[in-house]
Amino acid sequence: MRCLEFQQQINDFLDDRLTIGQAGDFMEHADSCHECMEELELRYMIRVGILEQNRDDREMSYDYSQQLNRILERTRKDLRVRYLCRIVKYSVSTMAFWAALALILVQMRVWLIG
Ligand SMILES: [Zn+2]
């Protein structure tokens, strides 16, 4: 993912509107690109800052980066869970395929040999 693409997706990320694939690319870029991470923090603070204005500035900026970290951590966890689910689903369908094949072979043997 390029920086421009990342920055275009920041709002969608904060609104939780990215697909799981997009969120994966987004997180990967956030972890590897310091500038985009700063941009994300800034955009998050601006956005939340608009909603909550009656608090001490220093305390607020500390809270915001904590909150953002929690969102990022939750997204990472979500991605891991979905990734695991995909592996399990794939394993189960693979096993089901081989089980069905084995069953057919056994049945054919019964038909052929009697
Ligand atoms: Zn970047």
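Residues numbered from 1 in each chain as written. Predicted model: local features only at pLDDT ≥ 70, side-chain atom pairs only at ≥ 80, totals over all residues.

Here we look at the overall build of the protein chain
Where we set the bar: Under the scheme used here, helices are H or I runs from DSSP no shorter than 4 residues and strands are E runs no shorter than 2 residues, and both carry numbers assigned from the N terminus. With C-beta atoms placed from the backbone, a residue is buried if 20 or more other C-beta atoms are within 10 Å of its own, exposed if 12 or fewer are, and partly exposed between those counts. Throughout, a pair of residues is in contact if the C-beta atoms placed from their backbones lie within 7 Å.
Each helix and strand in the protein chain was counted, giving 4 helices and 0 strands. Secondary structure of the protein chain in N-to-C order comes out as α-α-α-α. The buried share of the protein chain, reckoned over its 114 residues, is 6%. Across the protein chain, every contact between residues at least 6 apart in sequence was considered, and the portion connecting residues at least 24 apart equals 61%.

Notes on the packing of helix 1 (residues 3–14) against helix 2 (residues 20–32)
Rule in force here: Interaxial angles span 0 to 180 degrees and are taken between N-to-C directions of axes, which are lines fitted to C-alpha atoms, for helices over the stretch in contact. When describing relative orientation, an angle under 35 degrees is termed roughly parallel and one over 145 degrees roughly antiparallel, while 65 to 115 degrees is termed roughly perpendicular and anything else oblique. Handedness of a crossing follows from how the near helix is turned relative to the far one, being left-handed for an anticlockwise turn of less than a right angle and right-handed for a clockwise one.
Two elements in contact, helix 1 and helix 2, have axes whose closest approach is 11 Å; the angle formed by their N-to-C orientations is 120°. Classified by the angle between their axes, helix 1 and helix 2 sit oblique to one another. Taken as a pair, helix 1 and helix 2 cross one another with a handedness that is left-handed. Across the interface between the two elements, Phe6, Gln9 and Phe13 of helix 1 pack against Gln22, Phe26 and His29 of helix 2.

A closer look at the nonpolar core
Looking at soluble globular proteins, one finds that nonpolar side chains tend to be buried together. Stated formally: When buried Ala, Val, Leu, Ile, Met, Phe, Trp, Tyr and Cys residues are joined through C-beta atoms within 7 Å, the set is termed a nonpolar core.
By size, the foremost hydrophobic cluster in this structure holds 7 residues: Phe6, Phe13, Ala23, Phe26, Ala30, Cys36 and Leu40. Of all the elements in the fold, those that place two or more residues in this core are helix 1, helix 2 and helix 3 (34–51). Sorting elements by how many residues they give to this core places helix 2 first, with 3 residues.

A closer look at helix 2
Definition in use: Each helix should span, by expectation, one fewer than its residue count multiplied by 1.5 Å. Arc, as used here, means the arc of the directions from the helix axis to the C-beta atoms.
Taking 1.5 Å per residue, 13 residues should reach 18 Å; helix 2 reaches 18 Å between its end C-alpha atoms and fits that length. Among the residues making up helix 2, those that are buried are Ala23, Phe26 and Ala30. Taken end-on, helix 2 shows its buried residues confined to a sector of 60°, consistent with a single buried face. Residues of helix 2 that are exposed and point more than 90 degrees away from the buried face comprise Gly21, Asp31 and Ser32.

With respect to the confidence of the model for the protein chain
What counts here: pLDDT measures how confident the predictor is about each residue, on a scale from 0 to 100.
On average, residues of the protein chain score 89 in pLDDT, and 89% of them reach the 70 mark or higher. Mean pLDDT per element in the protein chain: helix 3 is the minimum at 87, and helix 1 is the maximum at 95.

Here we look at helix 1
An ideal rise of 1.5 Å per residue puts 16 Å on 12 residues; helix 1 measures up with 17 Å between its terminal C-alpha atoms. The positive-phi residue at the C-terminal boundary of helix 1 is aspartate 16, with phi of around 60°.

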